[in-house]
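Inside the fold
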Amino acid sequence: MQSPVARAVDFPPPPAMLANVYRSGTPLADYLVSEKLDGVRGYWDGEKLLTRGGERIEAPAWFTAGWPDFPLDGELWVGRGRFASAVSIVRQKTPDDAAWRTLRFMVFDLPGHPGPFIERNAALKSLLAGLALPWVRPVEQFKVADRAGLRVAFDRVVKNGGEGLMLHRTASLYQAGRSDDLLKLKPYQDAEARVIAHLPGKGRHLGVLGALLVETAEGLRFRIGTGFSDAERRNPPAPGSWVTYRYIGLNEGSGIPRFASFMRVREDMPGGEK
C-alpha cells in the first residue's frame with residue numbers, strides 16, 4: 001500500500017468545519033449551494049498548508065507565495081473524477097512542480113472572519129480577486145428556490161461526473177466540528193472508519209484480504225468486505241489508517257452501516273501503524 005501524505009501527524013488538526021448529511025425538509029432559503037469537489041481538503045493557517053488531519057502539505061513555494069497571513073479553507077482539486085491525481089500530487093514530500101501546476105486551490109471559506117457565511121463569502125471573493133492567482137479560486141456559491149431546483153442542480157453535477165452538492169447556511173459563523181451549518185448531498189452516504197485488522201479471505205479470496213475490521217470515531221466496529229480491487233486485496237490499507245466507505249442507511253438497533261463498501265484510503269487523516 002502507498003504511504004499516506006505523512007506517517008504521523010505533524011501539527012494539531014486544524015479547526016475545520018465538517019458537514020452533516022442533507023435531509024429532506026431542510027429550509028433551502030437559508031443556504032447557499034456549491035458543488036462538492038472531490039479533492040484533498042486543504043487548510044492554510046496563515047503560514048503553512050495542512051490536511052484535515054494535521055499533516056503538512058509540501059507545496060512549492062510559488063504555489064503559496066502572496067497568500068494572506070490568515071486562514072483559508074478549501075479543496076486541492078485537479079478536476080472531476082481525478083481524486084487519485086490530487087492525492088498523488090499532494091502526498092509527495094518533494095513537490096513535483098509540473099504536477100502542482102495542474103492543481104487548483106478551490107477556497108470555500110475564511111475561518112478567521114468573524115461574520116456569517118454570507119459576509120465571509122463576499123469577503124472571500126474580493127480577497128481572491130485581489131490576489132489574482134489563477135490557481136487560487138473561490139468555489140462558486142448559488143441559491144436554489146426549492147427542492148426541485150436543488151434536484152436539478154444535483155442531477156446536473158452528478159451527470160457531469162461531479163460528487164454532489166454542499167449546502168452552507170448563510171447565517172452561520174465559522175465553527176469547528178460537524179453541524180447542520182454545513183450539509184452534503186451525494187448519490188450515496190459515506191463516512192470514515194479506522195482499520196483495526198485484516199480478516200482472511202475464503203473461497204476465491206483465499207490467501208488475500210477477505211474483509212477489513214474497522215472502527216468509527218464513535219467506537220462502532222463492523223466489517224467491510226466489498227469494494228476492493230484485486231490489488232487492494234493483496235495489499236490492503238494498513239491497520240491504523242483511515243478509510244472512506246459508502247453505505248445505504250443504518251441497521252436498526254445495531255446502528256451498523258448497511259451494505260458498507262470500501263471506497264479509498266482517507267489520505268488527509270492520520271494513518272499508519274499505531
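Anything mentioned here points back to the structure above.
These notes cover the structure that comes with them. (Residues numbered from 1 in each chain as written. Predicted model: local features only at pLDDT ≥ 70, side-chain atom pairs only at ≥ 80, totals over all residues. Heavy atoms only, no water.)

**Thoughts on the overall build of the protein chain**
The helix and strand inventory of the protein chain stands at six helices and 14 strands. Expected size for 274 residues packed as a compact globule is a radius of gyration near 19 Å; at 19 Å, the protein chain falls within 12% of this value. When its C-alpha atoms are laid out on the principal axes, the protein chain stretches across 60 × 45 × 30 Å. Each of the 274 residues in the protein chain was classed as buried or not, and the buried ones make up 51%. Counting only contacts in the protein chain whose residues sit at least 6 apart along the sequence, the fraction spanning at least 24 positions is 71%. Mean positive and mean negative side-chain charge positions of the protein chain (37 and 31 charges, respectively) differ by 5 Å. (Helix = DSSP H or I, 4+ residues; strand = E, 2+ residues; numbered from the N terminus. Rg over C-alpha atoms; globule rule 2.2 N^0.38 Å. Buried < 20%, exposed > 50% of the residue type's maximum accessible area, 1.4 Å probe, protein only. Contact = heavy atoms within 4.5 Å. Lys, Arg positive; Asp, Glu negative; His and termini not counted. Charge placed at Lys NZ, Arg CZ, Asp CG, Glu CD.)

**Things to note about the pattern of salt bridges**
Inspection of the entire model under this criterion finds 18 salt bridges. Of the charged contacts in the structure, one is a salt bridge between arginine 23 and aspartate 180, with a shortest N-O distance of 2.6 Å. Taken as a pair, arginine 23 in the loop between strand E1 (17-21) and strand E2 (31-35) and aspartate 180 in strand E9 (residues 177-185) lie far apart in primary sequence, 157 residues in all. Using a relative accessible area of 44% as the deciding quantity, one classes arginine 23 as partly exposed. Linking aspartate 190 and lysine 184 is a salt bridge whose minimum nitrogen-to-oxygen distance equals 3.3 Å. (Salt bridge = Lys/Arg side-chain N within 4 Å of Asp/Glu carboxyl O.)

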